[in-house]
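Fold and contact review
Letter by letter, the chains look like this.
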Amino acid sequence: MCGIVGYVGKDNDGLKKLIDGLEKLEYRGYDSSGVAYFQNENIKIIKEKGKISNLYNEINFAEKTNLGIGHTRWATHGKADKENAHPHMIGKFAIVHNGIVENYTTLKKELMKKGYSFKSETDSEVICALLDYLYKKDNNILNCIEKLNEILKGSYALGILCSDEPNYLFAVKKNSPLIIGIGDDSNFIASDVPAILDKTKKYVVLEDGDYAKIKMDKLEIYNNGKIKKYDVKDFGFDSKMIDKQGYEHFMLKEIYEQPEVFRKTTNPYLETGFDSLFNKMPDFSKYRKIRIIACGSAMHAGLVGKQMLERFANVKTEVETASEFRYNKLFLEPDELVIVVSQSGETADTLEALKIAKKNGNDTLGIINEKGSTIAREAKIVLYTEAGKEVAVATTKAYSAQVAMLSLIALNIANFNNFISKKEKVEILEDAKKLPNYMEGLLQKNEVYKEVANVIKDYNDVFFIGRGIDYALAMEGSLKLKEISYTHSEAYPAGELKHGTISLIEDKTPVIAITTDKNVASKTISNIKEVKSRGAEVIYITNSDYEDDTFYDKKIIIPKINDIFTPLLTVIPLQMIAYELAKIKGCNIDKPKNLAKSVTVE
Ligand code: G6P
């Protein structure tokens, strides 16, 4: 949420470096953006409302600077306008801030009494004033940052410039991610890897409470008033991974990467069949129950996981939205495994939920995509999905990698408990090999997805219905549609529609109905007939051979495969329909309005 970049180095093309970095971070927020940089020992600020291209147009790249900070904002406190855009500057300090300062109203009042006035509605400007106030009392910046750590409540990652220190970039982090990139005669700060990936492969992760004094050729990190040692890590992937590679949108590229992502995520575990699965997975035998906690699509992946864990592995599984779990009464049992699912590994609510589970004494397992992220570091056990860098705000390949990992866990537990016959094991392993080809087959049906998108483009409401695992998929399909095409949609358990919502079905109301679960297919078909007879335009997604063709208008066929893998196929038409509709409507597919990829605020 929001993006930070900072640069100090020997080259004078600082403005270009900052804007480059911000463009790569735009998926984290794009309400406004800005830069602060040194010009002849003075700090200059340029900021603009809206996309980074607006800021770009205001910048004179002929200006030379070798020290600056930049920010792209996802508004929390105060509307998305120029005044609230970062950087903020008061006295000698310019800052960029990610996170939320919870005690900012009290601090603001106190600072106003001391004579400070504020131009913006943000919590961030208050930090700036506080820093200036502290600095007037003690002319040592590091002492002032240490004091900030004592006073500020909430979350913050800060990039700081001080006009008394034209060679130094300062940074501090608490409950909001920040890394330092180590280059040749140059150093960077960034809230997320893509900002600096084409500049350096080496980086240091700041821990909570760490603050840094950064020069072009020197880095010092402090915590609690003491200098500390740090590890320099290697990213292990390069900037090509964040290139569209000829695709019109990152989202489309990422949808098309799913067959490969499935291979990469599952191959290591299935190398020698169920033996390698057993050897490489953690021991689940001590858990009587599983609780999956996550947000957004990761939570939807958890809902698919619940169906798999309960049906295949016979383990009672509950799924909770992290932002609810945190404030609900805690009913975690001692033999309950808590699985947190997160692409970014930085989602604030998921992280806090994980901390609660740990504090309660439960074992925690993270299904995480970003290596070395905060949640990955905090969880007791980590299983990494191999989706690679996901850039589009709306997740696709990371979601299916999460589903794939949950299917492996279910298979492993089922196998351990002898719930899978020898014959079925052979079939499952064969199906795992076939799955990427089936996915590719579904990806080639774009014409069908376009036709469906054209059917639903003129309607304001779309319904997704299904039962069991199909309902879990319906929820993801509906979310994708809302996220990127701004079309209102609702996912409903098919049998529940008649208890109220069916009153909204009118002539031609689009209903996307999923029946891949043979146990309940005939029941769902009855529900589809109920909406069809009330005029709905039915798009029927199925793997069944049911011959009656009177209850739908369009049919999308999913190849038959073992039930454990079917969701990985069903989700493809859902993603593609959302994509094609967003395209027809001319939406900003990779960066939908109001959304951010990594939600690091609560
Ligand atoms: C944001 C993203 C979603 C994502 C959710 C959880 O809302 O836009 O696509 O599913 O966060 O993110 P995580 O990184 O924890 O999987």
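Details of the structure are given in the entry above.
The paragraphs below set out a description of the structure included in this document. (Residues numbered from 1 in each chain as written. Predicted model: local features only at pLDDT ≥ 70, side-chain atom pairs only at ≥ 80, totals over all residues. Heavy atoms only, no water.)

Overview of the site of the ligand
The immediate surroundings of the ligand are formed by 14 residues, with Ser297, Ser342, Gln343, Ser344 and Thr347 found nearest. A distance of 3.0 Å separates an oxygen atom of the ligand from a polar atom in the backbone of Ser297. Between the ligand and the protein, one listed contact pairs an oxygen atom with a side-chain N or O atom of Ser342 at 2.6 Å. Protein contact buries 90% of the 390 Å² of open area that the ligand shows by itself. The cavity where the ligand resides is the second largest pocket. (Near = heavy atom within 4 Å. Polar contact = N/O pair within 3.5 Å; in protein donor to acceptor, adjacent residues only side chain to side chain. Areas by Shrake-Rupley, 256 points an atom, 1.4 Å probe, with all protein chains shown as cover. 1 Å grid on protein atoms, 1.4 Å probe; cavity = no way out; pocket = protein on both sides within 12 Å on 5 of 7 lines; lining within 4 Å. Sits in = over half its atoms within 2 Å of the grid points.)

With respect to the pairing of strand β21 (residues 461–466)
Of all 6 residues in β21, 5 are buried, a share of seventy percent or more. Pairing geometry for β21 and strand β22 (residues 488–493), over 6 bridges, is parallel. Across the sheet, the residue bridging to Phe463 is Glu490, located in β22. Following the backbone out of β21, through helix α16 (residues 469–485) and into the adjacent parallel β22, one traces a crossover that is right-handed. In terms of strand pairing, β21 meets strand β23 (residues 510–515) through 3 bridges, oriented parallel. Bridged to Phe463 within β23 is Val511. (Buried < 20%, exposed > 50% of the residue type's maximum accessible area, 1.4 Å probe, protein only. Helix = DSSP H or I, 4+ residues; strand = E, 2+ residues; numbered from the N terminus. Pairing = 2+ DSSP bridges. Right-handed = clockwise from strand over helix to strand, strands pointing away.)

Quick look at the pairing of strand β19 (residues 364–368)
Burial of β19 is extensive: 5 of the 5 residues sit out of reach of the surface. The pairing of strand β18 (residues 336–342) with β19 spans 5 bridges and is parallel. Paired with Val338 across the strands is Thr364, a residue of β19. The parallel pair β18 and β19 is bridged by helix α11 (residues 348–359), and the resulting crossover is right-handed. Two elements, β19 and strand β20 (residues 381–384), share 4 bridges in a ladder whose sense is parallel. Of the residues in β20, the one forming a bridge with Ile368 is Tyr384.

Things to note about helix α1 (residues 14–25)
Residue pairs spaced three or four apart in an α-helix point in one direction, given the helix's 3.6 residues per turn. If you check α1, its first and last C-alpha atoms are 17 Å apart, about what 12 residues at 1.5 Å a residue would give, namely 16 Å. In terms of burial, α1 is a largely internal element, 9 of the 12 residues being buried. Turning to α1, its buried residues number three or more, namely Gly14, Leu15, Lys17, Leu18, Ile19, Asp20, Gly21, Leu22 and Leu25. Buried positions along α1 lie against β1 (3–9), β2 (32–39), α2 (52–58), β4 (67–73) and β10 (186–190). (Expected span 1.5 Å × (residues − 1). Contact = heavy atoms within 4.5 Å.)

Points about the environment of Asp553
On the secondary structure map, Asp553 appears in the loop between β24 (537–542) and β25 (554–557). Exposure remark for Asp553: the relative accessible area of 34% places this residue in the partly exposed category. Spatially, the C-alpha atom of Asp553 lies 9.1 Å from that of Ala536, the residues being 17 residues apart in sequence. Those residues in contact with Asp553, other than ones at most four positions away along the chain, are Lys532, Ala536, Glu537 and Val538. Within polar-contact distance, the side chain of Asp553 engages the side chain of Lys532 at 2.8 Å.

Section: the sheet that holds β25
In spatial order, the strands read β22-β21-β23-β24-β25; together these 5 strands make up an open sheet with parallel pairing. Among the strands making up the open sheet, the edge pair consists of β22 and β25. Neighbour-to-neighbour, the strand axes of the sheet open up by a mean angle of 20 degrees, direction not taken into account. Contacts between α16 and the sheet are confined to β21, β22 and β23, with β22 contributing the most and set at about 175 degrees to the helix. (Axes fitted to C-alpha atoms, helices over the stretch in contact; angles between N-to-C directions.)

Here's the deal with the packing of aromatic side chains
In the structure shown here, the tally under the stated rule is 11 aromatic pairs. Here a set of aromatic residues connected by ring pairs shows up, and it is made of Tyr540, Phe551 and Tyr552. Lying over the aromatic face of Phe274, Lys425 brings its terminal NZ or CZ to 5.5 Å of the ring centre. (Phe/Tyr/Trp six-rings, centres within 6.5 Å; stacked < 30°, edge-to-face > 60°. Lys NZ or Arg CZ within 6 Å of the ring centre and 35° of its normal.)

A closer look at the nonpolar core
Ranked by internal contacts, the top residues of the largest apolar core, which has 88 residues, are Met281, Ile339, Ile409 and Phe565. If you look at the next biggest cluster of nonpolar residues, it comprises 32 residues, including Val101, Tyr135, Leu152 and Tyr168. (Core = buried A, V, L, I, M, F, W, Y, C linked by side-chain atoms within 4.5 Å.)

Points about the side chain of Thr524
With respect to the helices and strands, Thr524 occurs in helix α17 (residues 521–532). Apart from the residues lying within four places of it in its own chain, the contact partners of Thr524 are Gly466, Arg467, Ala494, Ile514 and Thr515.

Here's the deal with α11
An ideal rise of 1.5 Å per residue puts 16 Å on 12 residues; α11 measures up with 17 Å between its terminal C-alpha atoms. Of all the residues in α11, the buried ones are Ala348, Asp349, Thr350, Leu351, Ala353, Leu354 and Ala357. Check the buried side of α11 and you find it contacts β16 (289–294), α10 (322–325), β18, β19 and α12 (374–378). Two residues or fewer past α11, Gly361 is found with a positive phi of approximately 90 degrees.

Some thoughts on the environment of Leu18
Mapped onto the fold, Leu18 is located in helix α1. Separated by 178 residues in sequence, Leu18 and Ile196 place their C-alpha atoms 9.5 Å apart. In this structure, Leu18 is in contact with Val5, Gly6, Tyr7, Val35, Ala36, Gly68, Ile69 and Gly70, ignoring residues within four places of it in sequence.

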